[in-house]
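The residues making up each chain are set out below.
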There are 2 protein chains.
Amino acid sequence: MAAPSTTSPPLTRASVQEAHQRIKQYIHETRVATCTTLNILASTPQSERCPSSGANTAYEPAPHSSIQQQDASSYTSQPHVRLFFKCENEQRIGAFKARGAFHALGRLIEDEGIENVRQKGVCTHSSGNHAQALALAAKTHNVPAHIVMPKISTPSKIAGTKSLGANIIFSGSTSDEREAVIREAIEETGATLIPPYDHPNIILGQGTQALELEQQVEDMLVNHPDLGVSGKKGLDAVIAPIGGGGMLSGIATALQGTGIKVFGAEPNFEGANDAEMGLKQGMRIKTVKTLTIADGLRTPVGEIPWSIISDKSKLEGIYSVSEEQIKAALKLLMERAKLFVEPSAAVPLAVMLYNEDFRKMVEQKAGKAGWNVGIILSGGNTTIEAIAKLFQPSTGDAERAEATISTDGSKKVENVAG
Amino acid sequence: MAAPSTTSPPLTRASVQEAHQRIKQYIHETRVATCTTLNILASTPQSERCPSSGANTAYEPAPHSSIQQQDASSYTSQPHVRLFFKCENEQRIGAFKARGAFHALGRLIEDEGIENVRQKGVCTHSSGNHAQALALAAKTHNVPAHIVMPKISTPSKIAGTKSLGANIIFSGSTSDEREAVIREAIEETGATLIPPYDHPNIILGQGTQALELEQQVEDMLVNHPDLGVSGKKGLDAVIAPIGGGGMLSGIATALQGTGIKVFGAEPNFEGANDAEMGLKQGMRIKTVKTLTIADGLRTPVGEIPWSIISDKSKLEGIYSVSEEQIKAALKLLMERAKLFVEPSAAVPLAVMLYNEDFRKMVEQKAGKAGWNVGIILSGGNTTIEAIAKLFQPSTGDAERAEATISTDGSKKVENVAG
């Protein structure tokens, strides 16, 4: 397949800063949210969290979680943290992907000239956020965008991409069928491929959110030092989701040399934790077949992202969580922090709240001083119906379901009024 | 029942300003959000909105709605508006009620002395947001709070109130049973009743959000004039939900003399629009029996709120919407604006988007210049399960449900890919 012909700057913090200057006018500087309840929860040992009232609707601090441990003794680590949520769910098109798309297209236009790019157009394959991101960037620059989507894509996603003026080309569902359709489109139109994550300009674009987060937290702590752990003036760590790895590698690149530690968060359902396993094996895993609810994270890590995240000077590590843990974190983000996010965006908080390896590590490294931890909320593109489906009680009514969410799959109903 | 013994200042803008100074340190100055998609939608005639792609997951402007009109010719009004959402769903305890509770308790403490109040305590009856608000205020001042809740209350709400340190007293479900239990509690403890809405200090406290919104919008427009309609430096109107009327009357009081027009928004299911009908009849309706999904708005208007909202110099009018319209607005707030709110909080946006009487009035009064409209998002205390229940498809799958939400109860499936 035709490689994109644009030049790419080196993968350094300075290049991310330059990318940020380039795309600033096209994207939102999304806000950073905090939530007392989630700070308390994250700083409470899992074994001491109240097991039954996770679905509690109170917004005020209440050290309760929906997690119900089987073996309390193994859940005793107590990291001391304050969380800072980067709300990329409120980014344009509802996800961070707008950053990479605007950067890659901007570079292409600079290299080839706007007239050339307008004549040939751009193309990609995606049924998700990257499709809409590229469609938006292309529309902004008045460039034709050809998006290959599987025929079976969600009608609302097709409509979303269409409403941004993109030309939708339908393909079959297998990757062979898709590749054939893209090749055909490129041959016909001369369009340049803008891949979803495995490209330096995409990586640099996605990394820009880390620069904002870093600065925003410093600014917040000047006026409200109580939002952070005592005495710290900025972030100690950032946790970001990893699917194809464009974002995580961009963030790791952006924060190099700052002393801020970068961690990846991955679902582990049906081997979705290919990056975590790849790091253990010292080798990139190239195929993944998973239907994790974190549907943005079903792809294997790309080649260039892998070269960055497998570099220990850039990434501290990757931690994974179960489907039930993702659901519990998603529920807390919505009900407690009032943040409407897609399941993929809940994975970093799930690691912070429920992965004991991660929590022990933080407890050890951060000590009593504690850490200010940035949590990347990567996107908010889901529907009420899709969320409802995830929380559909298999038996009993909704009330019962409130009391039975657990991270270990076990079920228990407890009437807190009793 | 024992009336609260505290003194109350006159119901004026100056008193709301004074209330704001008193409670500032205890509450959040909640943010004001904007959403391009919803601005475009609100400024598009209902007859010209795309009927099928309301559930579109794109965050970017796409003039589509989930509304499907039966008679296009009657849906042609085109108000020109920019919307400013006051996020009281992110207030402490997840709803504006914290404002009134802190104000009423603060006044009581000033009048009677903290020692007296600590000895006697405070009490109220509520199964919802006011219970948690009073529990929080009482906890903050180390005052005992006795909250009468029906035995059948949602366990999570009971747990939420309990976790704030309140003493829960269970009662039967009828108002007679409840009153008896409160009387008993007051006799035993000497606690002072802090009613949920029918009290001047509650009204003044709830009104404080309007002062913030007014100032915040002015500040936003200085740096980003493009967020508002052309040439305007502040708000033209505010729409707030009305149940008992504490908030709406507080907002009307706060904005008196500013030129900002205040409107009420009410559900009309099973006569829930008692305030709207009362205004038409020129007489307060004292009982309401409705199971509207906007569960915060099931109560009839209180006596003191009525005296304010029935004053035409203070309130412009009240408009009501159907259950399906509330659901459509709720869906848009979550999926497009990424704001997690409870159904009651979606009622003002539903009026803005779907009530043709309201839209025609705005079109006429605002003219081509348009209006900047404040929309009060009163609270976010709901659960994923409760939301899921509202959007449960009666037949077919979730995908089908996405295409069938309508304001008139009619169903139609349209495949936008076809």
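Rules behind the numbers
The residue numbering used here restarts from 1 in each chain and proceeds along that chain's sequence as written. Chain A is the first chain written and ligand 1 is the first ligand written, with later ones labelled in order. Owing to the predicted nature of the model, reporting of local features is limited to residues with pLDDT of at least 70; listing and counting of side-chain atom pairs is limited to 80 or more, with chain, interface and lining totals taken over all residues. Water and hydrogen atoms play no part in the side-chain values, which are based on all heavy atoms of the structure. Any two strands between which DSSP finds at least two bridges are classified as paired. Segments assigned H or I by DSSP are reported as helices when at least four residues long, segments assigned E as strands when at least two residues long, and all are numbered from the N terminus. Axis definition: a line fit to C-alpha positions, over the contact stretch in the case of helices; interaxial angles, taken between N-to-C directions, run 0 to 180 degrees. For classification purposes, angles smaller than 35 degrees are called roughly parallel, those larger than 145 roughly antiparallel, those between 65 and 115 roughly perpendicular, and all remaining angles oblique. In this analysis, two residues are considered to be in contact whenever any of their non-hydrogen atoms come within 4.5 Å of each other. Polar here means any residue outside two lists: the nonpolar Ala, Val, Leu, Ile, Met, Phe, Trp, Tyr, Cys and Pro, and the charged Asp, Glu, Lys and Arg; Gly therefore counts as polar. Multiplying one less than the number of residues by 1.5 Å gives the expected span of a helix. The classification of residues rests on relative accessible area computed with a 1.4 Å probe and restricted to protein chains. Under 20% of the type maximum is buried, over 50% is exposed, and intermediate values are partly exposed. Note: the arc covers the axis-to-C-beta directions of the helix.

## Quick notes on the sheet that holds strand E8 (residues 261–267) of chain A
Moving on, step 1. Overall, mixed pairing links the 6 strands, which are arranged E1-E2-E10-E7-E8-E9 (chain A) in an open sheet. The open sheet is flanked by strand E1 (32–33) and strand E9 (317–321) of chain A, the only strands paired with a single partner.

## Structural notes on the packing of helix H1 (residues 13–23) of chain A against helix H8 (residues 200–223) of chain A
In helix packing, the relevant descriptors are the interaxial angle and the interaxial distance, both defined with respect to the helix axes.
Residues and elements named next belong to chain A.
Moving on, step 1. It is at 8 Å that the axes of H1 and H8 come closest, and there the two elements cross at 90°. As judged from the angle between their axes, H1 and H8 are roughly perpendicular. Where H1 approaches H8, its residues Arg-13, Ser-15, Val-16, Gln-17, Ala-19, His-20 and Ile-23 are matched on the opposing element by Leu-204, Gly-205, Gly-207, Thr-208, Leu-211, Glu-212 and Glu-214.
Moving on, step 2. When its residues are assigned to classes, the contact of H1 with H8 shows 5 nonpolar, 6 polar and 3 charged.

## Overview of helix H7 (residues 175–189) of chain A
Residues and elements named next belong to chain A.
Moving on, step 1. The terminal C-alpha atoms of H7 lie 21 Å apart, and with 15 residues this matches the ideal 21 Å at 1.5 Å per residue to within 8%.
Moving on, step 2. The set of residues buried in H7 consists of Val-181, Ile-182, Ala-185 and Ile-186. Seen from one end, H7 has its buried residues packed into an arc of 135°, which puts them on one side. Exposed and oriented more than 90 degrees from the buried face of H7 are Asp-176, Glu-184, Glu-187 and Glu-188.
Moving on, step 3. Looking at the packing, one finds that the buried side of H7 touches strand E3 (122–125), strand E4 (145–150), strand E5 (167–171) and strand E6 (192–193).
Moving on, step 4. A positive backbone phi angle near 75° is found at Gly-190, which sits one or two residues after H7.

## Some thoughts on the sheet that holds E5 of chain A
Residues and elements named next belong to chain A.
Moving on, step 1. Strand order in the open sheet made by the 4 strands is E5-E4-E3-E6, with parallel pairing throughout. Each of the sheet's edge strands pairs with one partner strand only, and the pair in question is E5 and E6.
Moving on, step 2. The pairing of E4 with E5 spans 5 bridges and is parallel. In the sheet register, Met-149 faces E5, and the bridge partner there is Phe-170.
Moving on, step 3. Packing against the sheet, helix H5 (residues 129–140) makes contact with E3 and E4, and its axis sits at approximately 170° to E3.

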